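# Results of the structural survey
Listed here are the chains, written in short residue letters.
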Amino acid sequence: FPFYKATDIRKLKNRNVYLGDVILNFYKIDKKNFKKDFNRLWIHGLLHLLGYKHYKDKDYYKMNRIEKLILKKIENN
(Lines give C-alpha, C1' and ligand atoms only; values in the text may rest on other atoms or scores of the structure.)
Protein backbone atom coordinates (compact mmCIF):
# COMPACT_ATOMS: atom_id res chain seq x y z
CA PHE A 1 0.00 0.00 0.00
CA PRO A 2 2.02 2.95 -1.25
CA PHE A 3 1.91 6.20 0.66
CA TYR A 4 2.98 8.24 -2.38
CA LYS A 5 2.17 8.09 -6.07
CA ALA A 6 5.03 6.66 -8.14
CA THR A 7 5.55 10.02 -9.85
CA ASP A 8 5.87 11.79 -6.48
CA ILE A 9 8.61 9.48 -5.16
CA ARG A 10 11.17 10.93 -7.58
CA LYS A 11 10.47 14.44 -6.26
CA LEU A 12 11.28 13.58 -2.63
CA LYS A 13 14.52 15.09 -1.38
CA ASN A 14 14.69 13.31 1.98
CA ARG A 15 16.06 9.75 1.80
CA ASN A 16 14.38 8.70 5.09
CA VAL A 17 10.84 8.53 3.81
CA TYR A 18 7.89 6.36 4.75
CA LEU A 19 7.03 4.64 1.45
CA GLY A 20 4.03 2.66 2.63
CA ASP A 21 3.21 -0.84 3.82
CA VAL A 22 3.96 -4.28 2.45
CA ILE A 23 1.50 -6.95 3.50
CA LEU A 24 2.26 -10.61 2.88
CA ASN A 25 -0.27 -13.40 2.81
CA PHE A 26 1.22 -16.19 4.95
CA TYR A 27 -0.73 -18.77 2.96
CA LYS A 28 0.89 -17.67 -0.31
CA ILE A 29 4.39 -18.40 1.03
CA ASP A 30 5.82 -21.75 -0.01
CA LYS A 31 6.37 -23.56 3.31
CA LYS A 32 9.11 -25.82 1.87
CA ASN A 33 11.18 -22.77 0.85
CA PHE A 34 9.81 -20.37 3.44
CA LYS A 35 12.80 -18.03 3.82
CA LYS A 36 13.45 -17.64 0.08
CA ASP A 37 9.79 -17.21 -0.81
CA PHE A 38 9.21 -14.78 2.09
CA ASN A 39 12.13 -12.67 0.88
CA ARG A 40 10.90 -12.82 -2.71
CA LEU A 41 7.47 -11.55 -1.71
CA TRP A 42 8.59 -8.63 0.47
CA ILE A 43 11.09 -7.57 -2.20
CA HIS A 44 8.28 -7.63 -4.77
CA GLY A 45 6.15 -5.48 -2.46
CA LEU A 46 8.99 -3.03 -1.88
CA LEU A 47 9.49 -2.60 -5.61
CA HIS A 48 5.80 -1.76 -5.94
CA LEU A 49 6.25 0.90 -3.23
CA LEU A 50 9.12 2.31 -5.30
CA GLY A 51 6.81 2.67 -8.28
CA TYR A 52 7.46 -0.50 -10.26
CA LYS A 53 4.47 -2.10 -11.97
CA HIS A 54 4.05 -5.18 -14.12
CA TYR A 55 1.10 -4.48 -16.36
CA LYS A 56 3.11 -5.27 -19.50
CA ASP A 57 5.46 -8.20 -20.08
CA LYS A 58 8.50 -5.93 -20.45
CA ASP A 59 7.72 -4.34 -17.07
CA TYR A 60 7.27 -7.77 -15.49
CA TYR A 61 10.66 -8.95 -16.79
CA LYS A 62 12.38 -5.78 -15.59
CA MET A 63 10.83 -6.08 -12.13
CA ASN A 64 11.60 -9.79 -11.97
CA ARG A 65 15.25 -9.15 -12.87
CA ILE A 66 15.58 -6.58 -10.07
CA GLU A 67 13.88 -8.95 -7.59
CA LYS A 68 16.39 -11.68 -8.46
CA LEU A 69 19.35 -9.32 -8.07
CA ILE A 70 18.21 -8.20 -4.62
CA LEU A 71 17.36 -11.76 -3.57
CA LYS A 72 20.81 -12.95 -4.66
CA LYS A 73 22.48 -10.23 -2.56
CA ILE A 74 20.40 -11.16 0.47
CA GLU A 75 21.17 -14.86 0.11
CA ASN A 76 24.92 -14.21 -0.17
CA ASN A 77 25.00 -12.47 3.24
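Structure report, in brief. (Residues numbered from 1 in each chain as written. Predicted model: local features only at pLDDT ≥ 70, side-chain atom pairs only at ≥ 80, totals over all residues. Heavy atoms only, no water.)

### Describing the packing of aromatic side chains
The relative placement of two aromatic rings is captured by the distance of their centres and the angle of their planes. Taken as a whole, this structure holds six aromatic pairs when the rule is applied. Each ring, one from Phe-3 and one from Tyr-4, has its centre 5.2 Å from the other, and the planes form 85°; the classification is edge-to-face. With a relative accessible area of 54%, Phe-3 lands in the exposed category. Measuring from centroid to centroid gives 5.9 Å for Phe-34 and Phe-38, while their planes differ by 15°, and the two rings are stacked. Placement of both Phe-34 and Phe-38 in helix α2 (residues 34-49) is noted, with a separation of four residues, approximately one turn of the helix. Judged by relative accessible area, Phe-38 falls into the partly exposed class, the value being 35%. (Phe/Tyr/Trp six-rings, centres within 6.5 Å; stacked < 30°, edge-to-face > 60°. Buried < 20%, exposed > 50% of the residue type's maximum accessible area, 1.4 Å probe, protein only. Helix = DSSP H or I, 4+ residues; strand = E, 2+ residues; numbered from the N terminus.)

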